[in-house]
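# Structural description and commentary
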Amino acid sequence: AQSVTQLDSQVPVFEEAPVELRCNYSSSVSVYLFWYVQYPNQGLQLLLKYLSGSTLVKGINGFEAEFNKSQTSFHLRKPSVHISDTAEYFCAVSNFDYKLSFGAGTTVTVRA
Amino acid sequence: DTGVSQDPRHKITKRGQNVTFRCDPISEHNRLYWYRQTLGQGPEFLTYFQNEAQLEKSRLLSDRFSAERPKGSFSTLEIQRTEQGDSAMYLCASSSGQGEWETQYFGPGTRLLVL
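Residues numbered from 1 in each chain as written. Chains lettered and ligands numbered in written order. Predicted model: local features only at pLDDT ≥ 70, side-chain atom pairs only at ≥ 80, totals over all residues. Heavy atoms only, no water.

### Considerations on the interface of chain B and chain A
Each partner contributes to the interface: chain B provides 21 residues, whereas chain A provides 22 residues. Interface of chain B and chain A: buried area, both sides summed, is about 1,800 Å²; carbon and sulfur atoms make up 58% of it. Residue Glu56 of chain B is joined to Lys99 of chain A by a salt bridge in which the shortest nitrogen-to-oxygen separation is 2.6 Å. Between chain B and chain A we count five residue pairs in polar contact (both at pLDDT 80 or more) in total. Secondary-structure elements contributing two or more residues to the side of chain B that touches chain A are strand S4 (31-37) and strand S5 (44-50) of chain B. Among the elements that line the side of chain B that touches chain A, the one with the most residues is S4 of chain B, at four residues. (Contact = heavy atoms within 4.5 Å. Buried area = accessible area lost by both parts, 1.4 Å probe. Salt bridge = Lys/Arg side-chain N within 4 Å of Asp/Glu carboxyl O. Polar contact = N/O pair within 3.5 Å; in protein donor to acceptor, adjacent residues only side chain to side chain. Helix = DSSP H or I, 4+ residues; strand = E, 2+ residues; numbered from the N terminus.)

Now the structure itself:
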């Protein structure tokens, strides 16, 4: 079985500042890794995913994440955030059985 | 393509009543998933279908829960004899089932409150 730990429950950040959301996972087998975003009153939207290959993954809206196998981490970054990035962010992991295991989420609040 | 839709968006019920939620996946997606999300937590997997076949059920899905996907299109999730602990957001997702890894597309969810 796999599990995900999101190390920060809340991250306040000023507009145009960089942000990093931390995610660690545990699994006894190879995994696929995902970041989803949930805007208020909306469903989850996929930001990016790591399946294999390059450890630096680029996603939508200027987000990127880096897979680090030795540290079992998949941290999400954005160099300059906008007010519209205010949302809840979920890291998720899956092995080959397709179901996703999510972390508890990180709430990002962007302030002007 | 209108995305995954769920109905109703909100449901308030009294303890002991039965409730049924509906999910309409993206057209021609053959995989459909149900997740439950409680306050302050990430979604937890409940069950999934490949076409009309229910392939896996989480231990979270007690005997009071039943899910169906009768013609491999829409799906229903029924909770019998609801309890206050069933209060949560119920999320549905679908995927095409093709490729190395298919993206799961999520609906807006049904928020259930059991009084």
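### Here we look at the nonpolar core
Counting residues in hydrophobic clusters, the biggest one holds 28 residues, and the most contacted among them are Trp35, Leu48, Leu76 and Tyr89 of chain A. Examining the composition of this core, we find that four residues originate from one element, strand S10 (residues 87-94) of chain A, more than from any other. With residues up to four places along the chain from it excluded, the contact list for Tyr89 of chain A reads Gln6, Leu21, Trp35, Tyr36, Val37, Leu47, Phe63, Leu76, Gly105, Thr106 and Val108 of chain A. Within the second largest apolar cluster, 19 residues are counted, among which are Val4, Cys23, Ile79 and Val114 of chain B. (Core = buried A, V, L, I, M, F, W, Y, C linked by side-chain atoms within 4.5 Å. Buried < 20%, exposed > 50% of the residue type's maximum accessible area, 1.4 Å probe, protein only.)

### Comments concerning the sheet that holds strand S3 (residues 19-24) of chain B
Residues and elements named next belong to chain B. Sheet architecture is open: four strands sit in the order S1-S3-S8-S7, paired in antiparallel fashion. Of all the strands in the sheet, just strand S1 (5-7) and strand S7 (65-68) have a single pairing partner and so form its edges. Strand-to-strand twist across the sheet, computed as the mean angle between neighbouring axes with direction ignored, equals 15°. One ladder, built from four bridges, connects S7 with strand S8 (residues 75-79); its direction is antiparallel. In the sheet register, Glu68 faces S8, and the bridge partner there is Thr76. (Pairing = 2+ DSSP bridges. Axes fitted to C-alpha atoms, helices over the stretch in contact; angles between N-to-C directions.)

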